[in-house]
Amino acid sequence: MKIAVCVKHVPEGTSRIDPGTKRLDRAGEGALNHFDANAVEEALRLKGDSDTEVVAVSLGPQKALDSLRKALAMGADRAVLVSDDAAAGSDLVATSRLLAAALAKEEPDLVLFGQQASDADGAVLWAAVAERLGRPVVSQAMELSVDGGTVHVKRQTEHGYDTIEAPLPAVVAVSDAINEPRYPSLKGIMGAKKKPQDVLSLADLGVDAGDAGEAGSRTTVLALGDPPARADSQKIEDDGNAAQAIVDFLAEKRLI
Amino acid sequence: MNFELSDEQELIRKTVRDFAESKVAPVAEELDREARFPYEIVAELAELGLMGLPIPEEYGGAGGDTVSYAIAIEELTRIDSSVAITVAAHTSLGTMPILLFGNEEQKREWLPKLASGQGLAAFGLTEPDAGSDAGATRTKAELRDGQWVIDGSKIFITNAGTDISACVTITAVTGENEISNIVVPNGTPGYEISAPMKKLGWHASDTRELSFHSCAVPEGNLLGERGRGFQQFMEILNGGRISVAAMGVGLAQGAYDLALGYAKERRQFGKPIAEFQAIQFQLADMATEIDAGRQLVYKAAWLKDHGREYALAAAQAKLFTGLLSNRVVNSSLQIHGGYGFMEEFAISRLYRDQKILEIGEGTNEVQRMVIARHLGL
Ligand SMILES: Cc1cc2nc3c(=O)[nH]c(=O)nc-3n(C[C@H](O)[C@H](O)[C@@H](O)COP(=O)(O)OP(=O)(O)OC[C@H]3O[C@@H](n4cnc5c(N)ncnc54)[C@H](O)[C@@H]3O)c2cc1C
Ligand SMILES: Cc1cc2nc3c(=O)[nH]c(=O)nc-3n(C[C@H](O)[C@H](O)[C@H](O)COP(=O)(O)OP(=O)(O)OC[C@H]3O[C@@H](n4cnc5c(N)ncnc54)[C@H](O)[C@@H]3O)c2cc1C
């Protein structure tokens, strides 16, 4: 079996969006989107000791190799980075086009996604990619197994659980409750360098520059704003009586 | 000149930092309060490969370089010194003598067990009457019927008495003006280990007094050439100093991080105390000195990795970071005010854990002696 895991390199720290370009601020340090660590872990769990191949796939700047290397250090077998100046500023539709093109080349039996990217928080990409690939998609997976040509998924919803199955090849977005990602071991870190890491351009994928990046994106981010300040908030400093002050506040609002 | 860490070194830093913050930080205060050895954490560190980071892969280690090892120790100490010294003493003091001086058979016997973290290693040099003057060792080992029969005592030995302690390498007098290193497995009859010693800091680290009464080990437990013990332990201490210096940087960084966070939150005179220039200047000094200390440590590690002479750099790094961590924990606690004196605040633990960095593996004065010798004095 072959499993592809889509992983995003997200900015670390506080300044996540550049107010000038209104794009993600990629200047500082980045890290593997922590929701995607769950997807990598799940792929490795499914792999176990078998000869299943796990390929980590990302779209992003060269620095995104750091996150791919973390996936390799955790145990993935191979990494593919789609990186091209013409891909910068891709919106959801353009991103999904590029990832789908990279995945189509790989022909995996199962594609795993995290539930969302912690920077842009779209939580939509897996649906768009599955649509382009013409494959079934299951989201919010909190239990996952594969037997023969079928993937079984226990799906977490607000009301309880759905149990779903779908034929392979399929796309699954895992919930962050599905597992606890392992730490890369030291041996894994040392070994990552020796694993194949391919960097693909738009030309390698056969995607036209006009269909990628800003040129291929129909949405434009016009403005960014902070959430409105809470007008009626009240700050209680703990001078030893904070607990009482909170109880009084809740009682006044008839909440207790 | 290149100040860039490699991709692997960066990933090791991130991984160990992440591990220390999510697995060690939540239990550090409790382990300290209960003076409990961190068995669970050591097991997890072992799984990650951190109990044998610089040991070659063929002997079950991770095959990392000294810079990576220093980074790992630094990141552990940033959160908890007891865990860090457990790893550092096990690796630099306990395991290294076998790697550096052992024959192939000894390496095959011990290293896989130690590098995988299944067993913990200790190094017994210090004696009640031989501290800074470690060459004054009195413990005796006599060769009788193919066995070394050991009599004597050691003091302040890290990692010797845990449930997973596997062996201690001791220095002993094996003849006139002759010192040698001998491996003594835990459980050998005549090798007795005291109750844990009560300490000012490093509460979760295991520190013991050892005594040997007609303790017999096979002749083959001698490490390297008979009579080379003094040169061997000097070499071990040179390497060990890099890890203790990394602890100094890590401890200072941890104390600085706490001070910075606290200064931004604590309000007095109507504003966060971080807005007072007197506080800002302290933080600026700390950040600057920590950076300087880190460069010294990485340089010493780099020299060692490149097969260069590193003893001077290691002594300088250890001296500087010992003094540095002292100043930084002191300033950090000062910035915390009365809260810093309370046990719930991590800085109080970091403060107690600091002083030993100016004593263990050679006091400040001993480092100055080493440095002076390199100056031709
Ligand atoms: C402020 C801001 C507003 C935006 N608004 C819009 C908008 O309104 N409409 C629009 O179309 N786009 C918008 N975008 C762009 C959009 O967020 C990203 O282009 C995009 O990649 C889609 O989703 P996401 O990052 O939110 O990922 P999500 O959909 O949250 O990601 C889900 C999963 O997809 C995978 N994944 C995500 N990105 C990658 C990647 N680069 N490589 C590999 N795997 C990946 C991961 O597994 C991840 O867990 C906006 C971006 C910003 C910064
Ligand atoms: C928690 C802990 C863990 C330890 N772990 C280990 C271990 O695992 N293995 C091990 O072998 N040892 C270990 N030690 C011992 C440690 O290395 C010694 O304590 C240290 O080397 C100092 O020796 P001493 O305590 O006998 O001090 P002393 O040598 O008695 O020194 C007393 C003072 O005199 C100063 N002094 C001594 N000689 C001179 C001189 N010539 N000129 C100027 N000043 C001088 C010293 O700097 C110091 O200030 C540990 C100690 C502690 C506290």
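The shown structure was predicted, so the numbers you read here are calculated from the model rather than taken from an experiment.

S.K.: What am I meant to see in the overall build of chain A here?
M.R.: A count of helical and extended segments in chain A gives seven helices and eleven strands. Partitioning the intrachain contacts of chain A with sequence separation of at least 6 by distance along the chain shows that 70% fall at a separation of at least 24.

S.K.: Where do I start with the site of ligand 2 in this structure?
M.R.: All names here are of chain B. Close to ligand 2 lie 23 residues, the nearest being Leu 125, Gly 131, Ser 132, Thr 363 and Glu 365. Within the residue set of the shell around ligand 2, elements represented by two or more residues are α4 (81-101), β1 (120-124), β3 (147-158) and α10 (364-374). By residue class, the composition of the shell around ligand 2 is eleven nonpolar, nine polar and three charged. Mapping the shell around ligand 2 onto the domain boundaries places at least three of its residues in each of domain 2 (121-226) and domain 3 (230-374).

S.K.: I'm lost on the site of ligand 1 in this one. Help?
M.R.: All names here are of chain A. Residues in contact with ligand 1 amount to 32 residues; listed here are only the nearest, Leu 92, Gly 114, Ala 120, Gly 122 and Leu 125. Secondary structure elements with two or more residues in the shell around ligand 1: α1 (34-47), β4 (53-59), α3 (92-106) and α4 (125-133). With four residues, α3 is the largest single contributor of residues to the shell around ligand 1. When its residues are assigned to classes, the shell around ligand 1 shows 18 nonpolar, nine polar and five charged.

S.K.: Sorry, what's going on with the environment of Pro 128 of chain B here?
M.R.: Residues and elements named next belong to chain B. Within the element layout of this structure, Pro 128 appears in the loop between β1 and β2 (140-144). Overall, Pro 128 belongs to the exposed group, with 12 C-beta atoms counted inside 10 Å. Distance from Pro 128 to Ser 211, taken between C-alpha atoms, is 11 Å for residues 83 residues apart in sequence.

S.K.: Quick question: what am I supposed to make of the confidence of the model for chain B here?
M.R.: Regions with low pLDDT carry predicted coordinates that are not meant to be interpreted in detail. Put simply, chain B has an average pLDDT of 97, and 100% of its residues get 70 or more. Interface scoring of the predicted complex returns ipTM 0.84; its pTM is 0.89.

S.K.: How do you make sense of the sheet that holds strand β10 (residues 170-174) of chain A when you look at a structure like this?
M.R.: The strands that make up a sheet pair up through hydrogen bonds in the backbone, lying either parallel or antiparallel. All names here are of chain A. Across the sheet, which stays open at both edges, the nine strands sit in the order β9-β8-β7-β10-β6-β1-β4-β5-β11 with mixed pairing between neighbours. Strands with a single pairing partner mark the edges of an open sheet, and in this sheet they are β9 (161-167) and β11 (197-200). Each strand axis lies, on average, 30° off the axis of its neighbour in the sheet, ignoring direction. Inspection of the sheet shows β4 paired to strand β5 (residues 78-82) by five bridges, in the parallel sense. Counterpart to Ala 56 in the pairing with β5 is Ala 79. Contacting β1 (2-6), β4, β5, β6 (110-113) and β11, α3 crosses the sheet at an angle of about 155° to β4.

S.K.: Would you mind showing me how to read the interface of chain B and chain A here?
M.R.: Interface extent is often summarised as the accessible area lost during association of the parts. Every contact between the two is made by 14 residues of chain B and, on the other side, eleven residues of chain A. Among the elements that take part in the side of chain B that touches chain A, helix α1 (residues 7-34) of chain B stands out by supplying seven residues, more than any other.

S.K.: Explain the pairing of β2 of chain B here, please?
M.R.: A regular strand places its side chains so that they alternate between the two faces of the sheet. Residues and elements named next belong to chain B. Strand direction decides the pairing type here: β2 and β3, joined by five bridges, are antiparallel. Note on β3: the bridge partner recorded for Lys 140 is Asp 151. In sequence, β2 turns back onto β3 through a hairpin of two residues, with Asp 145 there showing a positive phi of about 50°.

S.K.: Help me understand helix α5 (residues 104-115) of chain B, please; the structure alone is not making it clear to me.
M.R.: Quick reminder: α-helices carry 3.6 residues per turn. Residues three or four places apart thus point the same way. Residue and element names in this part refer to chain B. With twelve residues, α5 extends 15 Å from end C-alpha to end C-alpha; this agrees with the ideal 16 Å at 1.5 Å per step. All buried positions along α5 are accounted for by Trp 110, Leu 111, Leu 114 and Ala 115. Viewed end-on, α5 has its buried residues packed into an arc of 110°, placing them on one side of the element. As for α5, its buried residues are in contact with α4, β1 and β4 (165-175). One or two residues past the end of α5 sits Gly 117, with phi positive at roughly 80°.

S.K.: Honestly, the domain arrangement of chain B in this entry has me stumped. Any pointers?
M.R.: All names here are of chain B. Once the domains are mapped, chain B shows domain 1 (7-115), domain 2 (121-226) and domain 3 (230-374). A straight line from the C-alpha centre of domain 2 to that of domain 3 covers 30 Å. Tallying the contact residues gives 13 residues for domain 2 and ten residues for domain 3.

S.K.: Which parts of the structure should I look at to understand the nonpolar core?
M.R.: The tendency in soluble globular proteins is for nonpolar side chains to be buried as a group. Formed by 181 residues in total, the largest nonpolar core has its most connected members in Val 5, Val 40, Ala 56, Ala 71, Leu 98 and Val 172 of chain A together with Val 297 of chain B. If near-sequence neighbours (up to four positions away) are discounted, Leu 98 of chain A is found in contact with Leu 59, Val 82, Ala 87, Ser 90, Leu 205, Val 207 and Ala 212 of chain A.

S.K.: Which parts of the structure should I look at to understand the environment of Pro 189 of chain B?
M.R.: Within the secondary structure, Pro 189 of chain B sits in the loop between β5 (178-185) and β6 (191-193). Sequence separation between Pro 189 of chain B and Ala 216 of chain B is 27 residues; the distance between their C-alpha atoms is 7.4 Å.

Each value, and the rule that gives it
- Residues numbered from 1 in each chain as written.
- Chains lettered and ligands numbered in written order.
- Predicted model: local features only at pLDDT ≥ 70, side-chain atom pairs only at ≥ 80, totals over all residues.
- Helix = DSSP H or I, 4+ residues; strand = E, 2+ residues; numbered from the N terminus.
- Contact = placed C-beta atoms within 7 Å.
- Near = placed C-beta within 6 Å.
- Nonpolar A, V, L, I, M, F, W, Y, C, P; charged D, E, K, R; others polar.
- Domains from an automatic or database assignment.
- Buried ≥ 20, exposed ≤ 12 C-beta atoms within 10 Å, placed from the backbone.
- pLDDT = per-residue confidence, 0-100.
- Pairing = 2+ DSSP bridges.
- Axes fitted to C-alpha atoms, helices over the stretch in contact; angles between N-to-C directions.
- Expected span 1.5 Å × (residues − 1).
- Arc of directions from axis to C-beta.
- Core = buried A, V, L, I, M, F, W, Y, C linked by C-beta atoms within 7 Å.

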